[in-house]
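# A structural walkthrough
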Amino acid sequence: MGVWEVFRQDRKGQPFEHAGSVVAPDAGLAEVYARELYSRRQESDALWLVAREAIRALEPVPAEFDLSYRRVDGYSLRLRLREARAALGKAESR
Amino acid sequence: MSDFDANPRTARSAPDRLLAFLGKPRKAIELLLELADDELILGWRDSEWTGIAPTIEEDVAFSSIAQNEIGHARALYELAAAELGTTADELAFDRRPEEYRCAPLVQLRRLEWARTIARHFLYETADALRLEALKASDDAELAGVAAKIDREEAYHRMHAELWVERLRASEDGAARLREAVEELWPYALGVLDAGQRPEYARRVEAAVGFSLPDAEPVERGRHEPELAELLEEMTMVRRSAPGAQW
């Protein structure tokens, strides 16, 4: 028996997301099981199946330095969007 | 206006007589009911594995396959019901046991994995042949439903064939498969018309890898004792409240 990780896509063009896994004796039955477990209610447009051994898991990167300055938490996207819309509205009403 | 038109109760319980009276294309509706009954009863039998299949994945997958079969039955009953002026539920649940036209193969209760797989494989292989013929039917509606069913059956066949390969891969599995196929072969022949049987035998032999025994087909129309028990249970809730709106 092996473990296969299943990724499903909601609709065409959407990213594949991890759905869960299936345990199966071979790739063929893993396909059958993935289809019946993750798309029997037509909830998936497409599935990917990856043998768990094929996944290369990396160790977490050690946090030696404070890298918070690289994040954009302090930058309010909503505010900038509002400003941009206001500026655009002004431009259009002219 | 005939008695049959005026009395839905009679219509429900006697599609045979109704058909004869209305003079509908008998063969077409008979075929629809044969197919629908096969799918309904096999779906019901396969659903007996829910909760007790060998692995959780197999449990969900096989239960889902069983539900698909019942879904196919519904589509076929709806076609027949439109012709007969009744409903799919009435055709599925309100007939007398002797009126069901399902092949004896699907009636058998064999809650043993090798026999379940053997029956599943034998049925799907027969069904593929039957659907191929129906897809070429002059009746566009029937051909369309057959094509839809076949697209789903393709996954059932894949499941059945993978299991046959899996059983064949070990000595013990191969022996169990052979015993089950040989036991069920006379029943399997009864699913199809005589003309389709040679091709059917050829396909089954190619997949199982041994010669099938000469067998006297167990024909449609025979009712195994297990069928009455199944119908008793299947219609229990519906009979508990006759005429209820669910």
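These figures come from a predicted structure and were not determined experimentally. (Residues numbered from 1 in each chain as written. Chains lettered and ligands numbered in written order. Predicted model: local features only at pLDDT ≥ 70, side-chain atom pairs only at ≥ 80, totals over all residues.)

Once that is clear, we can look at the overall build of chain B. When you go through chain B residue by residue, the secondary structure sums to 13 helices and zero strands. In chain B, the succession of helices and strands from N to C terminus is α-α-α-α-α-α-α-α-α-α-α-α-α. Here chain B holds 246 residues, and 37% of them are scored as buried. The long-range fraction of contacts in chain B, counting pairs at least 24 apart against all pairs at least 6 apart in sequence, stands at 72%. (Helix = DSSP H or I, 4+ residues; strand = E, 2+ residues; numbered from the N terminus. Buried ≥ 20, exposed ≤ 12 C-beta atoms within 10 Å, placed from the backbone. Contact = placed C-beta atoms within 7 Å.)

The next thing to look at is the confidence of the model for chain B. Residue and element names in this part refer to chain B. Of all residues in chain B, 89% have pLDDT values of 70 or greater, and the mean over the chain is 90. Across residues 1-14, confidence stays below pLDDT 50; counting only partners more than four residues off in sequence or on other chains, it has 16 contacts. Scored by ipTM, the complex comes to 0.77, with pTM at 0.83. (pLDDT = per-residue confidence, 0-100.)

What follows concerns unusual backbone geometry. Although it is not a glycine, A:Q42 adopts a positive phi angle of roughly 60 degrees. The residue A:Q42 is located in the loop between helix 1 (27-38) and strand 3 (46-51) in this model.

Strand pairing within a sheet occurs via backbone hydrogen bonds; the two strands may be parallel or antiparallel. Residues and elements named next belong to chain A. Read across the open sheet, the three strands follow the order 2-1-3; overall the sheet is antiparallel. Of all the strands in the sheet, just strand 2 (17-24) and strand 3 have a single pairing partner and so form its edges. Direction aside, the axes of adjacent strands within the sheet are offset by 30 degrees on average. Pairing of strand 1 (residues 2-9) with strand 3, which is carried by six bridges, proceeds in the antiparallel orientation. Residue pairing in the sheet places Q9 in a bridge with A46 of strand 3. With respect to the sheet, helix 1 is in contact with strand 1, strand 2 and strand 3, its orientation differing from that of strand 2 by roughly 130 degrees. (Pairing = 2+ DSSP bridges. Axes fitted to C-alpha atoms, helices over the stretch in contact; angles between N-to-C directions.)

Residues and elements named next belong to chain B. Compared with the 16 Å implied by 1.5 Å per residue over twelve residues, the 16 Å span of helix 11 (residues 197-208) between its first and last C-alpha is a close match. For helix 11, the set of buried residues is Y200, V204 and V208. End-on, the buried residues of helix 11 take up no more than an arc of 50 degrees, which puts them together on one face. Along helix 11, exposed side chains directed more than 90 degrees from the buried face belong to P198, E199, R202 and A206. Close packing links the buried residues of helix 11 with helix 8 (113-135), helix 9 (140-168) and helix 10 (171-189). (Expected span 1.5 Å × (residues − 1). Arc of directions from axis to C-beta.)

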